Amino acid sequence: MIELSHIEKRFGDNVILKDINLVIPEGTVTALVGPSGGGKSTLLRCINLLEIPTAGTIRIGGEAITFAPDKRVAWQDIQKIRRQTGMVFQNFQLFPHQTAIGNVMEGLTTVLRWPQDKARARAVELLTKVGMAHKMDAWPSTLSGGQQQRVAIARALAPSPRVLLCDEPTSALDPELAAEVVDVLGKLASEGTTMVMATHDLRLASKIANNVVFLEAGNVVETGSSSSIFGAPSQERTRQFISTLNAGHSYDI
Ligand SMILES: Nc1ncnc2c1ncn2[C@@H]1O[C@H](COP(=O)(O)OP(=O)(O)OP(=O)(O)O)[C@@H](O)[C@H]1O
Ligand SMILES: [Mg+2]
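Anyway, here's the lowdown on the structure attached to this text. In this text the structure is predicted, and so the values were computed from the model without any measurement.

**Quick notes on helix H4 (residues 116–129)**
Line of reasoning, step 1. Counted at 1.5 Å a residue, the expected span for H4 with its 14 residues is 20 Å, and the 20 Å between its end C-alpha atoms agrees.
Line of reasoning, step 2. Turning to H4, its buried residues number three or more, namely Ala119, Arg122, Ala123, Leu126 and Leu127. Across the axial projection of H4, the buried residues extend over an arc of 130°, all falling on one side.
Line of reasoning, step 3. Tucked into the core, H4 has its buried residues touching helix H3 (100–110) and helix H5 (145–157).

Structure below.
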């Protein structure tokens, strides 16, 4: 389980996240939705400690850290949380000087110090899962956006993180390529991968997410099951926002 308690994030005097309280059960997919600038990316970055919250507690599995404005967090403690997360970015961020399989193996061999053959076997397994085994020796620049994102998903999953964090995983992609990525994420969800994803993609969220969190101006306006938030939100503000989401893409998953 992932638990965020009273998470606050400030940049200078700007309070970007205000008293965020969320519980993310293992094996569930949570979609973060809301207007631009609402804090979705910042919240994801706080979960894997790319940003350090100014206050509050993050608990992932057996590890917990409590933050306070004047408290320095030990690097080892940051690593303990970060190692339980994998992150997928809007613009893929593959290492350009590594092949597809090299990208997936990199963290295993350098950070976790796995032997090459063990890392290679794990990378082949994951590239197969995301439908990219046939491109394992390709350079990122020769891959389509959808293919790059699928390699990035394999890379994020390589160390078996407890939670996969995805920041707008389909928003840089044409609908057809986005559908490939939605397919892969849907498959991971059906296998019980715990995910938290920020997305403007209504299809992605409504097809894959169990729970939806509507975040606006750093506040959780409403949370609920995907069917209740998309079907019958209780807040007028949520209703307004949902009606603006792009429902034009159609995916079969
Ligand atoms: N490093 C930073 N320094 C100062 N302000 C920041 C920083 N990172 C984010 N912010 C501010 O935090 C707010 C939330 O940004 P964030 O990127 O989390 O929003 P978002 O919900 O992901 O938006 P989008 O839908 O456009 O991706 C914005 O007002 C942004 O300007
Ligand atoms: Mg964002």
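Back to the text.
**Focus: the layout of surface pockets**
Line of reasoning, step 1. In this model, the largest pocket occupies a volume close to 740 Å³.
Line of reasoning, step 2. Arg82, Thr85, Gly107, Val111 and Pro159 are, among the 24 residues lining the largest pocket, the residues nearest its centre.
Line of reasoning, step 3. By residue number, the principal contributor to the lining of the largest pocket is H3, which donates 5 residues.
Line of reasoning, step 4. Partitioning the lining of the largest pocket into residue classes produces 13 nonpolar, 7 polar and 4 charged.

**A closer look at the packing of aromatic side chains**
Think of a pair of aromatic rings as described by two things: how far the centres are apart, and how the planes are tilted against each other in angle.
Line of reasoning, step 1. In this structure the tally under the stated criterion is 1 aromatic pair.
Line of reasoning, step 2. Positioned above the aromatic ring of Trp114, the side-chain terminus of Lys118 is 4.1 Å from the ring centre.
Line of reasoning, step 3. For the cation-ring pair, Arg155 lies above Phe95, with the distance from its terminal atom to the ring centre recorded as 4.6 Å.

**Some words on the site of ligand 1**
Line of reasoning, step 1. In the region of ligand 1, the neighbouring residues are Phe11, Ile16, Pro35, Ser36, Gly37, Gly38, Gly39, Lys40, Ser41, Thr42 and His200.
Line of reasoning, step 2. A distance of 2.5 Å separates an oxygen atom of ligand 1 from a polar side-chain atom of Ser36.
Line of reasoning, step 3. Gly38 is positioned such that a nitrogen or oxygen atom in its backbone is 3.2 Å from an oxygen atom of ligand 1.
Line of reasoning, step 4. Here ligand 1, which alone exposes 640 Å², has 58% of that area covered by the protein.

Reading guide: rules and limits
Residues numbered from 1 in each chain as written. Chains lettered and ligands numbered in written order. Predicted model: local features only at pLDDT ≥ 70, side-chain atom pairs only at ≥ 80, totals over all residues. Heavy atoms only, no water. Helix = DSSP H or I, 4+ residues; strand = E, 2+ residues; numbered from the N terminus. Expected span 1.5 Å × (residues − 1). Buried < 20%, exposed > 50% of the residue type's maximum accessible area, 1.4 Å probe, protein only. Arc of directions from axis to C-beta. Contact = heavy atoms within 4.5 Å. 1 Å grid on protein atoms, 1.4 Å probe; cavity = no way out; pocket = protein on both sides within 12 Å on 5 of 7 lines; lining within 4 Å. Points joined across faces, edges and corners; volume = space filled by probe spheres on them. Nonpolar A, V, L, I, M, F, W, Y, C, P; charged D, E, K, R; others polar. Phe/Tyr/Trp six-rings, centres within 6.5 Å; stacked < 30°, edge-to-face > 60°. Lys NZ or Arg CZ within 6 Å of the ring centre and 35° of its normal. Near = heavy atom within 4 Å. Polar contact = N/O pair within 3.5 Å; in protein donor to acceptor, adjacent residues only side chain to side chain. Areas by Shrake-Rupley, 256 points an atom, 1.4 Å probe, with all protein chains shown as cover.

Such coordinate-based values are descriptive only and should not be taken to indicate function.
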